[in-house]
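Tertiary structure, described
Listed below, chain by chain, are the residues.
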Amino acid sequence: MAILIGSNKVRTAVFISGSGSNLKSLIKFSKTRQSPISVDLIISNNPKAKGLNYAKIFKIKKKVYNFKNKSLDESRLLSTLKRQKIDMICLAGFMKILTKNFIKKFKGKILNIHPSLLPKYKGLNTHQRALKNNEKYSGCTVHFVNSKLDSGKIIIQKKIKISKNDTKVSLARKILTQEHKIYPKAILKVFSL
Ligand code: GAR
């Protein structure tokens, strides 16, 4: 990907829908010397997303688009991204599906984190499905976004053991802790490719 000169970091937007714990981990990472990215914009489809509070805490610009009229909101979003000179997008618990047209405009520059060992358990309710199938392991994956849901090239994965007592809540918690570690690692890997 881009070569970094001096302290010019790649201007990145993080898209969220909920609590934003991955957003927080990305912001913290972005402030380290080794980070190739800066987080300059937070986008949410949900005005009540808890993660939007990080905009205030870390003084980062935020915008909400509800995506009810997807094509209109995506074109507004594209204008905002252009105005803010955003060159990379990290989806972090963003629960809307972006159109092919949008993805094409940021080809190879959109990453997503997903709470399963892809290609297993694409889509929703990953933990519930893994437990129901008596899986021994689950985990999380960071991948490039292409036009097929949760199917782009895998950058990094972390496998974790499912224990007998795990519930969907305990499993989600265990996996989320690992997500916070692998998203920054995936970014470092992308920029060293
Ligand atoms: C994370 O577990 C993330 O992997 C998942 O939503 C959670 C968001 O948590 N994403 C998806 O399921 C996307 N299909 P966070 O808001 O605390 O980062």
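Residues numbered from 1 in each chain as written. Predicted model: local features only at pLDDT ≥ 70, side-chain atom pairs only at ≥ 80, totals over all residues. Heavy atoms only, no water.

**Brief notes about the overall build of the protein chain**
Just so we agree on the cut-off: Only runs of H or I of at least four residues qualify as helices and only runs of E of at least two qualify as strands under DSSP, and these elements are numbered from the N terminus. Our radius of gyration is a C-alpha quantity, and the globule rule it is checked against amounts to 2.2 Å times the number of residues to the power 0.38. A 1.4 Å probe rolled over the protein chains alone gives each residue an accessible area, and that area as a share of the maximum for its type sets the label: buried under 20%, exposed over 50%, partly exposed in between. Here, residues are in contact when the closest pair of their heavy atoms is within 4.5 Å. The protein chains shown are the only cover counted for residues, whose accessible areas, like all others here, come from Shrake-Rupley with a 1.4 Å probe.
On a plain count of helices and strands, the protein chain comes out with 6 helices and 7 strands. Moving toward the C terminus, one meets the helices and strands of the protein chain in the order β-α-β-α-β-α-β-α-β-α-β-β-α. In terms of overall size, the protein chain behaves like a compact globule, its C-alpha atoms giving a radius of gyration of 16 Å where 193 residues would be expected to give roughly 16 Å. For the protein chain, the spread of C-alpha atoms along the principal axes amounts to about 50 × 40 × 30 Å. Looking at the protein chain residue by residue over its 193 residues, the buried ones come to 48%. By sequence separation, contacts in the protein chain at least 24 residues apart represent 63% of the contacts at least 6 residues apart. Here the protein chain displays about 10900 Å² of accessible surface, and carbon together with sulfur accounts for 53% of that area.

**A short note on the pattern of salt bridges**
Put simply, the rule is: What makes a salt bridge here is a side-chain nitrogen of Lys or Arg within 4 Å of a carboxyl oxygen of Asp or Glu, nothing more.
Counting across every chain of the model gives 5 salt bridges. Across the pair Asp87 and Lys109 runs a salt bridge, and its minimum N-O distance is 2.9 Å. Of this pair, Asp87 sits in the loop between α3 (70-83) and β4 (88-91) while Lys109 sits in the loop between α4 (100-105) and β5 (110-114), placing them 22 residues apart in sequence. On the basis of relative accessibility, which here comes to 27%, the residue Lys109 falls in the partly exposed class. A salt bridge links Lys174 to Asp166; the shortest N-O distance between them is 2.6 Å.

**Digging into the pairing of β4**
The condition that has to hold: At least two DSSP bridges between two strands are required for those strands to pair.
Of the two faces of β4, the one holding Met88 and Cys90 and the one holding Ile89 and Leu91 are both buried throughout. In this sheet, β4 lies alongside strand β1 (residues 10-16) in parallel orientation, the contact comprising 4 bridges. The residue bridging Phe15 from the neighbouring strand is Leu91, located in β4. Pairing geometry for β4 and β5, over 3 bridges, is parallel.

**Details of the packing of aromatic side chains**
Note the following rule: Only rings of Phe, Tyr and Trp enter the pairing, Trp through its six-membered ring, and a pair is recorded when the two centres are within 6.5 Å. The plane angle decides the type: under 30 degrees is stacked, over 60 is edge-to-face, the rest tilted. We call a charge positioned over a ring when the NZ of a Lys or the CZ of an Arg lies within 6 Å of the ring centre and within 35 degrees of the ring normal.
For the coordinates displayed, the defined rule picks out 5 aromatic pairs. Relative to Phe94, the ring of Phe67 has its centre 5.6 Å away and its plane inclined at 70°; by these criteria the two rings are edge-to-face. Of this pair, Phe67 sits in the loop between β3 (61-64) and α3 while Phe94 sits in the loop between β4 and α4, and the two are 27 residues apart along the sequence. Phe94 matches Phe67 in its accessibility class, with the two residues each being buried. One aromatic cluster is present, formed by Phe15, Phe67, Phe94, Phe102 and Phe106 through successive ring pairs. When the ring centre of Tyr137 is taken as reference, the NZ or CZ atom of Lys159 above it lies at 4.4 Å.

**Some remarks on the confidence of the model for the protein chain**
This is how the line gets drawn: For every residue, the predictor reports its confidence as pLDDT, a number between 0 and 100.
Per-chain confidence: the protein chain averages 96 in pLDDT, with 96% of residues scoring 70 or above. Across the protein chain, β1 holds the top mean pLDDT of 99, while α4 sits lowest at 97.

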